[in-house]
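# Summary of the model geometry
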Amino acid sequence: MTTTAAAAAAAPPALAARAREVAASPVREILALTARPEVISFAGGLPAPELFDAAGLRAAYDRVLAERPRTVLQYSTTEGDPALRAAVAARLTGRGLATDADDLVVTGGSQQGLALLATVLLEPGDVVLVESPTYLAALQCFGFAGARVVPVPTDEDGVLPDALEELVLRERPKLLYLIPDFQNPTGRTLPAERRRAVAEVAGRHGLWIAEDDPYGELRFEGDRLPWISSHEAAADRTALLGSFSKVMAPGMRLGWLRAPAALRRPCVIAKQAADLHTSTVDQAAAARYLADNDLDAHLDRVRTAYRARRDALLAGLPAVLPAGSTWNRPEGGMFVWVRLPAGQDATALLRTAITHNVAYVPGAPFYAAEPDPATLRMSFTTHTPEEISEGLRRLALSFG
Ligand SMILES: Cc1ncc(COP(=O)(O)O)c(C=O)c1O
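Residue positions within a chain follow its written sequence, with the count starting from 1. For this predicted model, a pLDDT threshold of at least 70 governs which residues receive local features, and a threshold of 80 or more governs which side-chain atom pairs are given and counted, while totals over whole chains, interfaces and linings are taken from all residues. Think of the side-chain values as coming from all heavy atoms in the structure, minus any hydrogens and water.

## Some remarks on the overall build of the protein
Stated precisely, the cut-off is as follows: The secondary structure listing takes helices from DSSP runs of H or I that are at least 4 residues long and strands from runs of E that are at least 2 residues long, numbered from the N terminus. Radius of gyration: C-alpha atoms only; globule rule: 2.2 Å multiplied by the number of residues to the exponent 0.38. To sort residues, take the accessible area from a 1.4 Å probe on protein chains only and compare it with the maximum for the residue type: under 20% means buried, over 50% means exposed, and anything in between is partly exposed. The contact criterion used throughout is that any non-hydrogen atoms of two residues lie within 4.5 Å. A 1.4 Å probe and the Shrake-Rupley method give the accessible areas. Residues count as covered only by the protein chains that appear here. By the counting rule applied here, Lys and Arg register as positive and Asp and Glu as negative, while His and the ends of each chain are not counted. We put the charge of a Lys on NZ, of an Arg on CZ, of an Asp on CG and of a Glu on CD.
The helix and strand inventory of the protein stands at 15 helices and 15 strands. In terms of overall size, the protein behaves like a compact globule, its C-alpha atoms giving a radius of gyration of 22 Å where 400 residues would be expected to give roughly 21 Å. Overall, the C-alpha framework of the protein stretches about 70 × 60 × 55 Å when taken along its three principal axes. Residues classed as buried in the protein amount to 53% of the 400 residues present. Counting only contacts in the protein whose residues sit at least 6 apart along the sequence, the fraction spanning at least 24 positions is 74%. Surface accessibility of the protein: about 17500 Å² in total, with carbon and sulfur atoms responsible for 56%. Here the protein carries 41 positive and 47 negative side-chain charges, and the mean point of each set is 3 Å from the other.

## Things to note about unusual backbone geometry
At the junction of S132 and P133, the peptide bond is cis and its omega measures out at 5° in the coordinates. Examined against the element boundaries, P133 turns out to sit in the loop between strand 3 (127-131) and helix 8 (136-144). In this structure, P185 follows N184 across a cis peptide bond, with omega equal to 20°. Even without being glycine, F182 reaches a positive phi, approximately 50°. In this structure, F182 sits in the loop between strand 7 (175-178) and helix 10 (192-205). Note on F182: relative accessible area 0%, which makes it buried. The phi torsion at R253 lies on the positive side, around 55°, for a residue other than glycine. Secondary-structure assignment places R253 in the loop between strand 9 (238-243) and strand 10 (255-258).

## So, the pattern of salt bridges
Stated formally: Just to be clear on terms, a salt bridge is a Lys or Arg side-chain nitrogen sitting within 4 Å of an Asp or Glu carboxyl oxygen.
Counted by the stated rule, this structure contains 30 salt bridges. Salt-bridge contacts for D155 lead to R194; the nearest nitrogen and oxygen are separated by 2.8 Å. Placement of D155 in strand 5 (residues 154-155) and of R194 in helix 10 is noted, with a sequence separation of 39 residues between them. Take D155: its relative accessible area is 27%, and that puts it in the partly exposed class. Ionic pairing is found between D181 and R195, a salt bridge with its closest N-O pair at 2.8 Å. Taken together, the residues span a long stretch of sequence, with D181 in the loop between strand 7 and helix 10 and R195 in helix 10 at a distance of 14 residues. The pair formed by D181 and R195 is uniform in burial state, with each residue classed as buried.

## A word on the UniProt feature "domain: Aminotransferase class I/classII large" (unreviewed entry) in the protein
Quick note on the threshold: UniProt positions are given in the numbering used here, feature names are shortened, and annotations may be inferred rather than shown by experiment.
In this structure's numbering, the residues bearing the UniProt feature "domain: Aminotransferase class I/classII large" (unreviewed entry) are residues 62-395. As annotated, residues 62-395 has a helix share of 43% and a strand share of 16%, and its two end C-alpha atoms lie 44 Å apart.

## Considering the sheet that holds strand 9
Remark on secondary structure: sheet strands pair via backbone hydrogen bonds, oriented parallel or antiparallel. Note the cut-off: Paired strands, in this sense, are two strands between which DSSP finds at least two bridges. For helices, the fitted line uses only the C-alpha atoms of the stretch in contact; every axis is such a line through C-alpha atoms, and the angle between N-to-C directions lies from 0 to 180 degrees.
Strand order in the open sheet formed by seven strands is 2-10-9-8-7-3-4, and the pairing between neighbours is mixed. Every other strand in the sheet has two partners, leaving strand 2 (104-107) and strand 4 (148-152) as the edge strands with one partner each. Pairs of neighbouring strands in the sheet enclose a mean axial angle of 20°, with direction left out of account. Here strand 7 pairs with strand 8 (residues 208-212) via four bridges, running parallel. Looking across to strand 8, one finds that L175 is bridged to W208. Where helix 9 (residues 161-171) meets the sheet, it contacts strand 3, strand 4 and strand 7, and its direction lies at approximately 155° from that of strand 4.

## Topic: the sheet that holds strand 15 (residues 375-379)
The four strands lie next to each other as 11-12-15-14, forming an open sheet whose pairing is antiparallel. Single-partner strands in this sheet number two, and they are strand 11 (326-327) and strand 14 (361-362). Where strand 11 and strand 12 (residues 335-339) come together, two bridges link them in antiparallel fashion. Its bridge partner being in strand 12, W327 is matched across the sheet by V338. Contacts from helix 13 (residues 295-320) reach strand 11, strand 12 and strand 15, with the element oriented near 15° to strand 12.

## Digging into the pairing of strand 9
Of all the six residues making up strand 9, six are buried; the element is thus mostly covered by neighbouring parts of the structure. Neither face of strand 9 is left uncovered, since the one carrying T238, L240 and G242 and the one carrying A239, L241 and S243 both have all their residues buried. The pairing of strand 8 with strand 9 spans four bridges and is classified as parallel. The residue bridging I209 from the neighbouring strand is T238, located in strand 9.

## A word on the environment of D223
Topologically, D223 is positioned in the loop between strand 8 and strand 9. Owing to a relative accessible area of 63%, D223 belongs among the exposed residues under this scheme. Residues D223 and V22, 201 residues apart in the sequence, show an inter-C-alpha distance of 39 Å.

## Some words on the site of the ligand
Keep this limit in mind: Any residue with a heavy atom positioned within 4 Å of a molecule or strand is treated as near that molecule or strand. Polar contact criterion, stated in full: a pair of N or O atoms within 3.5 Å, where within protein one must be able to donate a hydrogen and the other to accept it, and residues adjacent in sequence count only if both atoms are side-chain atoms. Residues are grouped as follows: Ala, Val, Leu, Ile, Met, Phe, Trp, Tyr, Cys and Pro are nonpolar; Asp, Glu, Lys and Arg are charged; every other residue, Gly included, is polar.
With respect to spatial proximity, 14 residues lie near the ligand, and among them S110, D212, Y215, S243 and S245 are the closest. Take D212: an N or O atom from its side chain is 2.5 Å from a nitrogen atom of the ligand. Side-chain polar atom of Y215 to an oxygen atom of the ligand: 2.5 Å apart, as the coordinates give it. Protein contact buries 92% of the 400 Å² of open area that the ligand shows by itself. Element by element, the count of residues in the shell around the ligand is highest for helix 7 (residues 109-121), at three residues. In terms of residue class, the shell around the ligand is built from five nonpolar, six polar and three charged.

Written out as structure tokens, the structure is:
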């Protein structure tokens, strides 16, 4: 009797529709094959681990745990560590974006900032405009919110303001998501005059902007451009997302959200519901690290290494890619974007590349709508110039 009853037990209720609809990327399974140590991978979006300032971070953790164990191991406020917020505010202000510690919320990486914005802004069916292509996990985040994601036409410099305005009038979006500096996946940077134009479109037609900037500090040539957030036209409707992942260490999971009070307050409540607050000890260690060390000197070392790695990649690409391929030359960040000649399929070629122990990410999953199968992203950060040359030699065999 009991056995029969157990066998006849009703199935548990279905997952929420949003959990059923947001698919895992099919490329994930292929990329799982690239974890073997013999593979030279241009696929990951990771900072170079040998450049982490492990000694400096360890000293910062040691100090806060020795000096204030009862505080740094305790629960803390949702908004975040006051010293860390003050340090971020000072960096932003120093770069021309007047910011108060109270304008900021510390988040679990900028990814949580995105999730908070989606939670407080998006109803199912709301339209979110994105660059085409754009950051994969942002597409997932907007997908979980049930948003309809619509790509804005772009060229080699990012979104086209006129096309953006047309789409805004037609689609009535609630949110525009942009990565203006060294975009993921394309490495593109939005020129200053387009940043102003985007802010003006948002001001004229009333939409929120999420300005995601995890890579801006990784500029190794050219001049820094003003954030969209610094334009008066959109100051009351732009959220700037920042991250310590690419400048300190992604494992600490620290980022921040700078937003006007009307948006920041509901984000704080949404964060309370999600995780109460970001790790107290990690925030305290980061604040200590910033007080005791020269982050810019550390970043100079990182930028110098990344620049040499970018140069090694760019120097080798012409001999490796099929005739008719195009690619860009980013002034910073982590990625080069390649377009193979029309008709080529970067996903199919990746399978061959993996047999030669080299990998990249096909571009297709980064598109919200119609993908370009001939595109691919190459990250230049995690290998030395010598390894990059060897990886390119293997890639030549794959494209041969
Ligand atoms: C454009 C973009 N936004 C956000 C993130 C998430 O970064 P974090 O580690 O700060 O959550 C990444 C990570 O690669 C990214 O490329």
